[in-house]
Amino acid sequence: MIVSASGSQSLASALATALDEPLAETTYERFPDGELQVAVPGFDAERAIVVCSTATSDAHIEALQLQDAVREAGTSEIVTVIPYMGYARQDRAFESGQPVSARAVARALSTGTDHVVTVNPHEESVGDFFDVPCATVDAAGQLANPLPDLDDPVFIAPDAGAIELAETVRDAYGTGETDHFEKTRHSSTDVELEPHTADVTGRDVVLVDDIVATGSTMAGAVSHLSDDARVFVTCVHPVFAGMARTRLARAGVATVYGTDTIECAESAVSVAPAVAAALD
Ligand code: R5P
């Protein structure tokens, strides 16, 4: 039985269809002191697949509560699908005294589950922080689906860490060159990009990254592109923190294609088929 957290309802529903499994009823209440309570009245299944992107602190609580609720209801196997794993970018202590936040949340989530499935975590090694088996799903190829017919395309990663993603989207699209920028981040909204090498004049450009958060990386990349290149921005996780949409619009980005790991207007494609394949 598929159990959806409040922020992952469309994906959970698509997953239920893909796996031909029922979708559990979940209720959601917030108490006057701000505490949440999600519940699964009537849950009755041998296996629970809890689907919860942990994009917010509340979503972490929801995931823990849903795991506990289905265990209370007597399920014998819990799989926790974390389509977008929040805190994954804090995968080490960058300065003395800092936590390894990705490890801390992974350990907490491990206590209530038998397996974890996550989608394009910021670094593959984040899966090692879980105390239970963790499978990672690469859904980047789905980002080729919403692209229109492209003219002599070049798929560009905004930093070296996203080169493989750009290659995956290019391979799924079927043709095109790949390239990448070198990025230095000075602060959360101040990034410096060294220009890529491909000549994009008059070509179609597809920028590919795992996450668009503040939009600073993508806005910076667009500013280095020739004015007559047609630009498509794609990402697996459309986080869009703060004024990201405004930042991207001011940079001239007209369209962003993301997935439903975070459900929003930019969720042009579902990761459900890729996640279903990992669960079968
Ligand atoms: C960083 O290494 C990631 O791959 C993304 O490039 C980054 O998270 C994007 O963040 P922002 O949109 O805030 O620049």
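Residues numbered from 1 in each chain as written. Predicted model: local features only at pLDDT ≥ 70, side-chain atom pairs only at ≥ 80, totals over all residues. Heavy atoms only, no water.

Looking at an unreviewed UniProt entry, one finds the chain named Ribose-phosphate pyrophosphokinase and attributed to Halococcus thailandensis JCM 13552. For the record of the chain, the UniProt heading Sequence similarities (unreviewed entry) holds the text "Belongs to the ribose-phosphate pyrophosphokinase family. Class III (archaeal) subfamily." (UniProt positions renumbered as here; feature names shortened; annotations may be inferred.)

Caption draft 1: Examining the sheet that holds strand S8 (residues 154-157) more closely. A sheet is described by the order of its strands in space; here six strands give the open sequence S9-S8-S12-S13-S14-S15, paired in parallel fashion. Among the strands making up the open sheet, the edge pair consists of strand S9 (177-180) and strand S15 (267-269). Within this sheet the neighbouring strands show an average axis-to-axis angle of 35°, counted without direction. When strand S13 (residues 230-238) meets strand S14 (residues 256-259), the two strands line up parallel, connected through two bridges. Paired with Val233 across the two strands is Val256, which belongs to S14. Against the sheet, helix H4 (residues 163-173) makes contact with S8, S9 and strand S12 (204-212), and its axis sits at roughly 160° relative to S8, the strand it touches most. Contacts between helix H5 (residues 216-223) and the sheet are confined to S12 and S13, with S12 contributing the most and set at about 160° to the helix. (Pairing = 2+ DSSP bridges. Helix = DSSP H or I, 4+ residues; strand = E, 2+ residues; numbered from the N terminus. Axes fitted to C-alpha atoms, helices over the stretch in contact; angles between N-to-C directions. Contact = heavy atoms within 4.5 Å.)

Caption draft 2: Representation of a negative patch on the surface in the model. Taken together, Glu124, Asp128, Asp138, Glu164 and Glu167 make up a surface patch of like negative charges. Here Glu164 is to be found in helix H4. (Patch = residues over 30% accessible without salt bridge, like charges linked within 9 Å, V, L, I, M, F, W, Y side chains within 5 Å. Areas by Shrake-Rupley, 256 points an atom, 1.4 Å probe, with all protein chains shown as cover. Salt bridge = Lys/Arg side-chain N within 4 Å of Asp/Glu carboxyl O. Lys, Arg positive; Asp, Glu negative; His and termini not counted. Charge placed at Lys NZ, Arg CZ, Asp CG, Glu CD.)

Caption draft 3: Focus on the side chain of Thr261. Mapped onto the elements, Thr261 comes out in the loop between S14 and S15. Overall, the relative accessible area of 0% leaves Thr261 in the buried class. If near-sequence neighbours (up to four positions away) are discounted, Thr261 is found in contact with Ser53, Pro83, Tyr84, Val119, Val236, His237, Pro238 and Val271. (Buried < 20%, exposed > 50% of the residue type's maximum accessible area, 1.4 Å probe, protein only.)

Caption draft 4: Structural detail: the sheet that holds strand S6 (residues 115-119). Ordered by their spatial adjacency, five strands build an open sheet running S1-S4-S5-S6-S7, and the pairing between neighbours is parallel. For this open sheet the edge positions go to strand S1 (2-4) and strand S7 (134-137), each flanked by a neighbour on one side alone. Averaged over all pairs of adjacent strands, the angle between strand axes in this sheet comes to 20°, irrespective of strand direction. Here strand S4 (residues 47-51) runs beside strand S5 (residues 77-82); their pairing, made up of five bridges, is parallel. Note on S5: the bridge partner recorded for Ile49 is Val79. Here helix H1 (residues 9-19) sits on the sheet and contacts S1 and S4; the angle it forms with S1, its principal contact strand, is near 170°.

Caption draft 5: Looking closely at the site of the ligand. Every one of the 14 residues lining the ligand counts as a neighbour, but Arg89, Asp209, Asp210, Thr214 and Thr217 are closest to it. Arg89 places a side-chain nitrogen or oxygen 2.7 Å from an oxygen atom of the ligand. With respect to the ligand, the side chain of Asp210 contributes an N or O atom lying 2.6 Å from an oxygen atom. Where the shell around the ligand is concerned, the elements lending two or more residues are strand S10 (182-185), S12 and H5. Here the shell around the ligand takes four residues from S12, the largest share from any one element. Taken together, the residues of the shell around the ligand break down into three nonpolar, five polar and six charged. (Near = heavy atom within 4 Å. Polar contact = N/O pair within 3.5 Å; in protein donor to acceptor, adjacent residues only side chain to side chain. Nonpolar A, V, L, I, M, F, W, Y, C, P; charged D, E, K, R; others polar.)

Caption draft 6: Main features of the pairing of S14. Burial along S14 is two-sided: the residues Val256 and Gly258 and Tyr257 and Thr259 are all buried. This β-α-β element, S13 to helix H6 (residues 244-250) to S14, shows right-handed connectivity. Direction of pairing for S14 relative to S15: parallel, over a ladder of two bridges. Across the sheet, Gly258 pairs through a bridge with Ser267, a residue of S15. (Right-handed = clockwise from strand over helix to strand, strands pointing away.)

Caption draft 7: Layout of helix H3 (residues 101-110). Those residues of H3 not exposed but buried are Ser101, Ala102, Val105, Ala106, Leu109 and Ser110. Looking down the long axis of H3, one finds its buried residues gathered within 165° of arc, a one-sided arrangement. Against helix H2 (57-72) and S5 lie the buried residues of H3. (Arc of directions from axis to C-beta.)

Caption draft 8: Main features of the packing of aromatic side chains. Overall, the coordinates contain two aromatic pairs when judged by the stated rule. Judged by centre distance (5.9 Å) and plane angle (50°), the rings of Phe155 and Tyr173 are tilted. Placement of the pair is Phe155 in strand S8 and Tyr173 in helix H4, with a sequence separation of 18 residues. Ring plane angle 10° and centroid distance 6.5 Å describe the contact between Phe232 and Tyr257, whose orientation is recorded as stacked. Placement of Phe232 in strand S13 and of Tyr257 in strand S14 is noted, with a sequence separation of 25 residues between them. (Phe/Tyr/Trp six-rings, centres within 6.5 Å; stacked < 30°, edge-to-face > 60°.)

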